[in-house]
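Fold and contact review
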Amino acid sequence: MNVIQALKTIPDPRSRRGRHYPLSSLLAIVLLAAMHGERSFRGMWLWARARQDHLLTHPALGVRAVRRIPSLATFWYAVRTTPAGERERALAPPAAGGTRSGP
């Protein structure tokens, strides 16, 4: 299972109304920015905005239908409302048997 597939296993706690960006896409972009050295949430968002054209056309992220990177508030709300335990579970290394734990 790759990182994108793992992030897709996280349940989206946001209301269906107004949900334009998949949670897995938002979390993947935040993770990519952190891996590129961004430490602040605003810095991660600015990193994503600077790479908007590339990120929005990357098929694995699943945001091809939108025209722009979401607002800083959208990123913040998505991460804030997702339980840390869910993110940790999804990104935990495989168990000794070679499979991830959880549902």
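It should be noted that the structure appears before, not after, this text.
Quantities reported herein were computed from a predicted structural model and do not represent experimental measurements.

Description of the overall build of the protein chain
Along the backbone of the protein chain there are 6 helices and 0 strands. For the protein chain, the α and β elements follow one another from N to C terminus as α-α-α-α-α-α. Here the protein chain has a C-alpha radius of gyration of 14 Å; the compact-globule value for 103 residues is 13 Å, and the two agree. For the protein chain, the C-alpha atoms occupy an extent of roughly 40 × 30 × 25 Å along the three principal directions. Total accessible area on the protein chain is roughly 6700 Å²; 55% of this is exposed by carbon and sulfur atoms. Each charge class in the protein chain can be summarised by its mean position, and for the 16 positive and 5 negative side chains these summaries are 6 Å apart.

Points about the packing of helix α2 (residues 23–35) against helix α3 (residues 41–50)
Interhelical geometry of α2 versus α3 gives an angle of 100 degrees and a closest axis separation of 9 Å. As summarised for this structure, α2 and α3 are arranged roughly perpendicular, according to the angle between their axes. Across the interface between the two elements, I29, V30, L32, A33 and A34 of α2 pack against F41, M44, W47 and A48 of α3. Residues of the contact of α2 with α3, tallied by class, amount to 9 nonpolar, no polar and no charged.

So, the pattern of salt bridges
Counted by the stated rule, this structure contains 3 salt bridges. With a closest N to O distance of 2.7 Å, D12 and R14 form a salt bridge. Owing to a relative accessible area of 9%, R14 belongs among the buried residues under this scheme. Where E86 meets R89, a salt bridge forms, and the shortest distance between an N and an O atom there is 3.0 Å. Of the two residues, E86 and R89 both sit in helix α6 (residues 84–91), 3 residues apart, roughly one turn of that helix. Judged by relative accessible area, E86 falls into the partly exposed class, the value being 24%. If you follow the salt bridges from partner to partner, you end up with D12, R14 and R19 in one network.

Basis of the calculations
- Residues numbered from 1 in each chain as written.
- Predicted model: local features only at pLDDT ≥ 70, side-chain atom pairs only at ≥ 80, totals over all residues.
- Heavy atoms only, no water.
- Helix = DSSP H or I, 4+ residues; strand = E, 2+ residues; numbered from the N terminus.
- Rg over C-alpha atoms; globule rule 2.2 N^0.38 Å.
- Areas by Shrake-Rupley, 256 points an atom, 1.4 Å probe, with all protein chains shown as cover.
- Lys, Arg positive; Asp, Glu negative; His and termini not counted.
- Charge placed at Lys NZ, Arg CZ, Asp CG, Glu CD.
- Axes fitted to C-alpha atoms, helices over the stretch in contact; angles between N-to-C directions.
- Parallel < 35°, antiparallel > 145°, perpendicular 65-115°, else oblique.
- Contact = heavy atoms within 4.5 Å.
- Nonpolar A, V, L, I, M, F, W, Y, C, P; charged D, E, K, R; others polar.
- Salt bridge = Lys/Arg side-chain N within 4 Å of Asp/Glu carboxyl O.
- Buried < 20%, exposed > 50% of the residue type's maximum accessible area, 1.4 Å probe, protein only.

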